[in-house]
Amino acid sequence: MSIVWSDDFATGIDIIDSQHQRLFTYFQDIEQCIAAEDTASVEQLCRGLIDYAVSHNSFEESLMEQAGYPMLEGHHRVHEAFKQRTQGYLQRIDSGADKLKIAREMRTDIGLWLINHIKHEDKHYSPYVRKSLDKGLVSRMLGKFFK
């Protein structure tokens, strides 16, 4: 199963779309490591994917809060459930489980979650955030979260 970015996932918020594209790049890199049976690199990529995704979710929430998005609490709960789910993968990696097997599961589970999340939940907040964004806000947020 290949997880590839397409314009169908675009939210119309450049920084969010760029971050989503980076997440898709992680999936492609993980897929290459699986094919090459590169266990050392696949572990590093899986950890990087989880770290980046959790940071991205926090960044998204900060934009939603600034925009006064009325469904922020619900979106936050979805992000928290995702975070708990990813922690289970990290625990399995730390306990010595087969890293390639975990990477395959993550690629499918997290990949499908991301696709669904972008197409449904993220599309709901996009109009609110787009309306509230100004260059100063984006610059301040970028400086805090993604250097």
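Further up the page is the structure itself.
In this text the structure is predicted, and so the values were computed from the model without any measurement.

(A) Looking closely at the environment of leucine 49. Following the sequence through the fold, leucine 49 ends up in helix α2 (residues 39-67). Judged by relative accessible area, which is 2%, leucine 49 ranks as buried. Apart from the residues lying within four places of it in its own chain, the contact partners of leucine 49 are Leu23, Tyr26, Phe27, Ile30, Met106 and Ile110.

(B) A look at the packing of helix α1 (residues 14-36) against α2. At a minimum axis distance of 10 Å, the contact between α1 and α2 shows a crossing angle of 165 degrees. As summarised for this structure, α1 and α2 are arranged roughly antiparallel, according to the angle between their axes. The element α1 and its partner α2 pack so that their crossing is left-handed. Contacts between α1 and α2 involve Ile15, Ile16, Gln19, His20, Arg22, Leu23, Tyr26, Phe27, Asp29, Ile30, Cys33 and Ile34 from the first element and Ser41, Val42, Leu45, Cys46, Gly48, Leu49, Tyr52, Ala53, His56, Phe59, Glu60 and Leu63 from the second. Class assignment for the residues of the contact of α1 with α2 results in 16 nonpolar, five polar and three charged.

(C) Highlighting unusual backbone geometry. The phi dihedral of glutamate 37 is positive, around 55 degrees, even though this residue is not glycine. Counting through the fold element by element, glutamate 37 comes out in the loop between α1 and α2. By relative accessible area, glutamate 37 is classed as exposed at 60%.

(D) Fine view of the pattern of salt bridges. Using the criterion set out here, one finds six salt bridges in the structure. In this structure, glutamate 73 and arginine 77 form a salt bridge, with 3.8 Å as the shortest nitrogen-oxygen distance. On the criterion of helical spacing, the pair formed by glutamate 73 and arginine 77 is a turn pair, its members being four residues apart in helix α3 (residues 72-94). Among the charged side chains, a network of salt bridges with common partners joins Glu43, Arg47, Asp94 and Lys99.

Definitions and limits used
- Sequence order sets the numbering: in each chain, residues are counted from 1 along the sequence as written.
- It should be noted that, the model being predicted, local features are given only for residues of pLDDT at least 70 and side-chain atom pairs only at 80 or more, the latter also being counted only at that level, while totals for whole chains, interfaces and linings use all residues.
- As a convention, hydrogens and water are excluded, and side-chain values are obtained from all of the structure's heavy atoms.
- Numbering goes from the N terminus for both helices and strands, where a helix is a DSSP run of H or I of at least four residues and a strand is a run of E of at least two.
- Only protein chains enter the accessibility calculation, which uses a 1.4 Å probe; a residue whose area is less than 20% of its type maximum is buried, one above 50% is exposed, and one in between is partly exposed.
- By the convention used here, residues are in contact when the closest approach between their heavy atoms is within 4.5 Å.
- Helix axes are fitted to C-alpha atoms over the stretch in contact, other axes to C-alpha atoms as well, and angles between N-to-C directions run from 0 to 180 degrees.
- In this scheme, roughly parallel covers angles under 35 degrees and roughly antiparallel covers those over 145, while 65 to 115 is roughly perpendicular and the rest are oblique.
- For any helix crossing, the convention is left-handed if the near helix is rotated counterclockwise from the far helix by under a right angle, and right-handed if that rotation is clockwise.
- Ten residue types, Ala, Val, Leu, Ile, Met, Phe, Trp, Tyr, Cys and Pro, are classed as nonpolar, four, Asp, Glu, Lys and Arg, as charged, and the remainder, Gly among them, as polar.
- We count a salt bridge whenever a side-chain nitrogen from Lys or Arg sits within 4 Å of a carboxyl oxygen from Asp or Glu.

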